[in-house]
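Report on the structure
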Amino acid sequence: MLHLTDEEFEFITNHIKNNYGVNLTRKRTLIEGRLSNHVIGLGFTNYMDYFRYSMNPKYADEMTVLINKLTTNHTYFLREKDHFDFYSDTVLPWIDKTLKTKDLRVWSAGCSTGQEPYTLSMLTFNYFGPEAANWDTTILATDISAKVLQTAQEGIYSKEDLSELPDNWIRRYFVPVGDDKYAITDTLRKNVAYRRFNLLSPFKFKKPFQAIFCRNVMIYFDMPTKSEIIAKFYDALLPGGYLFIGLSESLSCCKNNFKFVQPSIYQKPLDSE
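Read on for an overview of the structure. In this text the structure is predicted, and so the values were computed from the model without any measurement.

A word on the packing of helix H1 (residues 6-20) against helix H3 (residues 47-54)
Running from amino to carboxyl end, H1 crosses H3 at an angle of 25°, the nearest separation of the two axes being 9 Å. By the angle class used here, H1 and H3 are roughly parallel. When the axes of H1 and H3 are compared, the crossing they make is left-handed. Contacts between H1 and H3 involve Glu7, Glu8, Phe11 and Ile12 on the former and, on the latter, Tyr47, Met48 and Phe51. For the contact of H1 with H3, the per-class residue count stands at five nonpolar, no polar and two charged.

As for the sheet that holds strand E2 (residues 139-143)
Strands sit in the order E6-E2-E1-E7-E8-E10-E9 across an open sheet of seven strands; the sheet is mixed. Two strands close off the open sheet at either side, each with one partner strand: strand E6 (192-196) and strand E9 (259-262). If you compare each strand with its neighbour and ignore which way they point, the axes differ by 20° on average. Of the strand pairs in this sheet, strand E1 (residues 106-109) and strand E7 (residues 209-213) are connected by three bridges, and their pairing is parallel.

Notes on the layout of surface pockets
Put simply, the second largest pocket is a space of about 290 Å³. Lining the second largest pocket are 16 residues, and of these Arg105, Leu140, Ala193, Phe205 and Phe209 lie nearest its centre. At the level of elements, E2 and E6 are the ones that each hand at least two residues to the lining of the second largest pocket. Looking at the lining of the second largest pocket element by element, the count peaks at three residues for E2.

Focus on the sheet that holds strand E4 (residues 174-178)
The sheet built from three strands is open, its strands ordered E3-E5-E4 with antiparallel pairing. Each having just a single partner strand, strand E3 (156-158) and E4 make up the two edges of the open sheet. When the angles between neighbouring strand axes are averaged without regard to direction, this sheet yields 35°. The sheet contact formed by E4 and strand E5 (residues 181-184) spans four bridges and is antiparallel. Pairing of Gly178 across the sheet is with Lys181, part of E5.

Comments concerning the pattern of salt bridges
Across all of its chains, the model carries nine salt bridges by this definition. The partner of Glu80 in a salt bridge is Arg215, and the shortest N-O contact between them spans 3.7 Å. Residue Glu80 is found in the loop between helix H4 (60-70) and helix H5 (81-98), and its partner Arg215 is found in the loop between E7 and helix H10 (223-236); the two are separated by 135 residues along the sequence. This pair shows no difference in class: Glu80 is buried, exactly as Arg215 is. Note that Arg215 and Glu116 form a salt bridge whose closest N and O atoms lie 2.7 Å from each other. Of this pair, Arg215 sits in the loop between E7 and H10 while Glu116 sits in helix H6 (residues 115-128), and the two are 99 residues apart along the sequence. You'll find Arg215 and Glu116 in the same group, each marked buried. Three or more residues joined by partner-sharing salt bridges are found here, namely Glu80, Glu116 and Arg215.

Quick look at a nonpolar patch on the surface
On the surface, a nonpolar cluster with roughly 230 Å² of combined accessible area is contributed by Ile156, Val175 and Val177. Of note, Val175 is situated in strand E4. A relative accessible area of 41% places Val175 in the partly exposed class.

Some remarks on the nonpolar core
Counting residues in each nonpolar core, the largest one holds 45 residues, and the members touching the most others are Trp107, Leu199, Met218 and Phe233. Of all the secondary-structure elements, those providing two or more residues to this core are H1, helix H2 (28-41), H3, H4, E1, E7, H10 and strand E8 (237-244). Per-element tally for this core: the top contributor is H10, with five residues. The contact partners of Leu199, leaving out residues within four places of it in the chain, are Trp107, Ala109, Cys214, Val217, Phe221, Ile229, Lys232 and Phe233. Counting 42 residues, the second largest nonpolar core, distinct from the first, contains Ala141, Tyr173, Ile184 and Leu188.

Thoughts on the packing of aromatic side chains
Inspection of the entire model under this criterion finds 31 aromatic pairs. On the numbers, 6.0 Å between centres and 70° between planes, the contact of Trp107 with Phe197 is edge-to-face. Taken together, the residues span a long stretch of sequence, with Trp107 in strand E1 and Phe197 in the loop between E6 and E7 at a distance of 90 residues. With respect to class, Trp107 is no different from Phe197; both count as buried. Between the aromatic rings of Tyr118 and Tyr157, the centroid separation amounts to 6.4 Å while the plane-to-plane angle is 80°, which identifies the pairing as edge-to-face.

Parameters at a glance
Residues numbered from 1 in each chain as written. Predicted model: local features only at pLDDT ≥ 70, side-chain atom pairs only at ≥ 80, totals over all residues. Heavy atoms only, no water. Axes fitted to C-alpha atoms, helices over the stretch in contact; angles between N-to-C directions. Helix = DSSP H or I, 4+ residues; strand = E, 2+ residues; numbered from the N terminus. Parallel < 35°, antiparallel > 145°, perpendicular 65-115°, else oblique. Left-handed = near helix turned anticlockwise from the far one by under 90°. Contact = heavy atoms within 4.5 Å. Nonpolar A, V, L, I, M, F, W, Y, C, P; charged D, E, K, R; others polar. Pairing = 2+ DSSP bridges. 1 Å grid on protein atoms, 1.4 Å probe; cavity = no way out; pocket = protein on both sides within 12 Å on 5 of 7 lines; lining within 4 Å. Points joined across faces, edges and corners; volume = space filled by probe spheres on them. Salt bridge = Lys/Arg side-chain N within 4 Å of Asp/Glu carboxyl O. Buried < 20%, exposed > 50% of the residue type's maximum accessible area, 1.4 Å probe, protein only. Patch = residues over 30% accessible without salt bridge, like charges linked within 9 Å, V, L, I, M, F, W, Y side chains within 5 Å. Areas by Shrake-Rupley, 256 points an atom, 1.4 Å probe, with all protein chains shown as cover. Core = buried A, V, L, I, M, F, W, Y, C linked by side-chain atoms within 4.5 Å. Phe/Tyr/Trp six-rings, centres within 6.5 Å; stacked < 30°, edge-to-face > 60°.

Okay, here's the thing in structure tokens:
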């Protein structure tokens, strides 16, 4: 294995933190484990030459490879199920009752390989039933990793990936494609708009969201970065809208204007509150 020097470790962790908000200062072993074979395979004998190579505009795709390798993506269908129950039982009825435009605005930020936005789509279709045709139900799904976005857009999952889903959901929303693999239906695929997006970038959305899911993403950010992103989420939500974070996360570490609803679920107060 090719080992990082202190100078190389400081250089790459500063670059990733400053440009992508991801804190890898305690992940030296992870960096070496995920990059070593790749760097050697490209013919480099040290990391610094590789880093300079990846930052050369002539080889812009290599920076994408670097980010893909250093971002952790672990998810599955119905992960942290309480969130999806709350979305079905509270958020969707609120949207249905109060929204006149019939324009669903839900954002899966840090969507990884697509299980979260596809689950939100299934729940949305289940709730609205035939009425879904009268709504714009598109879910926005973003991630910093081009690799996981490609997997998400392909929408092919193993039988094990679907193990937490009800059988009737699998029959309705998936098509067997052989070797215990299942592909999501075209209807579900078309209901999710995938975009590559860095949460450190300005939020320039034309309309506010009713719900934002950013679960198990901010654990990689330091406090100033986390505070900045939380404030941007707040501004991007409709009054009364909800922010979902990971069950192991909390907003108590950062000053914010969100109202606590239950662990890992927060609400932007209505204008009258």
